[in-house]
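# Summary of structural features
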Amino acid sequence: MDINDLAAQNDLGSFVQNCQAEFLSRAYLVGISIITSLLFVILVVSRNVDIFIALLLSLGLFFISTAIYFAVFLANKNKELFIYENGFIYVNKNNSIIAKYEDVQEIFQQIITTSVNGISTSTQYKYTIYLKNQVKPISLTNIFQDIRQAGEYIQNKILHHQLPVVLSAYQRGENVKFKDITVNQNGIIIEKQSLPWEQIKNIRVVQGQVLILKERGDLLLNIAAIPNIYVFLNLLYEIMAITKPQTTTPSKGNDIHLNLKISQAEAISGCPEKEVSFSRWEICDECHGLGLDSRGNQCFVCLGEGQNQVMRKIKMAIPPHSVAGDRLTIVGEGNAGRRGGEPGDLYIDLDIQ
């Protein structure tokens, strides 16, 4: 039977997207090209290896990596994912799994970014889907075309179906389970640790981690280990909005305080351009701080937070005759403000080595 006929027979609605296994994706080509080029440069600069040998080693790495990728492609070339408005069809050779979004029990999201010498080479996306009537999960990786968009679409559909259910269970006083995490009206229970709502100041997403800001020390949770992460985060946001109502008044971003080590020579003579690296919260470029995309869904980049934590590098001047404990202030280089508020400031305390 034709796939579209199969979708119509199972009331999956209109067609949205088709994901097929692809050979030599753009992310792979960019990543392996950067790695092999860096290997070639390192071998040549070391002067211990002849240029011809360095070229052979680099090409060898490229072809071995390509062979491994080709083997993965062969193992997945007969797999396809057809996404529809009400569900999806996963084809593996001659076997087809038909599922509606309400049939999904759990979906795990894993995003891995690899880098070489600080240069981001590739980002791998993996979605593992557990269905209510299936023992073996469906695994979707970067081998499929446009898997990121497909994963976001499926997760938003699951969010639409599951959030009202878990929110209703929470309001009835029941425990809502997300694997090792329990959410109820008293707070969040992570294994044996209990966090009452009154102790939780805010919840953010930072580089693949859920950051729970609390009164004494912060807590990081790995997103890859939390099933239905969109549902989990939106449930927490709904609860936080009730327990800690947000004001619409613009607020200035938090200041950042850093200690900067400089040499004795730099302290005496000064330094016109001293590079400083630090992490700060910035307005999300995708949703411009709204937390929502153009369709009103949760922003997939900041997951509704409106801000992302990014690494920032600036160059600043160290004045001559500086002494330990001197504080330099850079206005507007702190964390981004909320609801259109001004950013905070950056304070740098000098520490002379």
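Residues numbered from 1 in each chain as written. Predicted model: local features only at pLDDT ≥ 70, side-chain atom pairs only at ≥ 80, totals over all residues. Heavy atoms only, no water.

### Looking at the sheet that holds strand β11 (residues 193–196)
Spatially, four strands are ordered β8-β9-β10-β11 in an open sheet, and the strand pairing comes out antiparallel. The outermost strands of the open sheet, each flanked by one partner alone, are β8 (176–178) and β11. Averaged over neighbouring strand pairs, the angle between their axes works out to 20° when direction is ignored. Two elements, β8 and strand β9 (residues 181–184), share three bridges in a ladder whose sense is antiparallel. Opposite F178, over in β9, you have I181 as the bridge partner. Each of β8, β9 and β10 (187–190) is contacted by helix α5 (residues 229–243), which is oriented at about 30° to β9, the strand it contacts most. (Pairing = 2+ DSSP bridges. Helix = DSSP H or I, 4+ residues; strand = E, 2+ residues; numbered from the N terminus. Axes fitted to C-alpha atoms, helices over the stretch in contact; angles between N-to-C directions. Contact = heavy atoms within 4.5 Å.)

### Considerations on the pairing of β11
Where β10 and β11 come together, four bridges link them in antiparallel fashion. Counterpart to I188 in the pairing with β11 is L195.

### As for the side chain of S322
The residue S322 is located in the loop between β17 (307–318) and β18 (327–330) in this model. Discounting residues that sit within four places of it in the chain, S322 has contacts with A267, L350 and I352.

### Concerning the packing of aromatic side chains
Using the criterion set out here, one finds five aromatic pairs in the structure. Relative to Y153, the ring of Y101 lies with its centre 6.4 Å away and its plane at 65°, an arrangement referred to as edge-to-face. With Y101 in the loop between β4 (95–100) and β5 (104–116) and Y153 in helix α4 (residues 147–171), the pair connects residues that are 52 residues apart, well separated along the chain. Exposure remark for Y101: the relative accessible area of 1% places this residue in the buried category. (Phe/Tyr/Trp six-rings, centres within 6.5 Å; stacked < 30°, edge-to-face > 60°. Buried < 20%, exposed > 50% of the residue type's maximum accessible area, 1.4 Å probe, protein only.)

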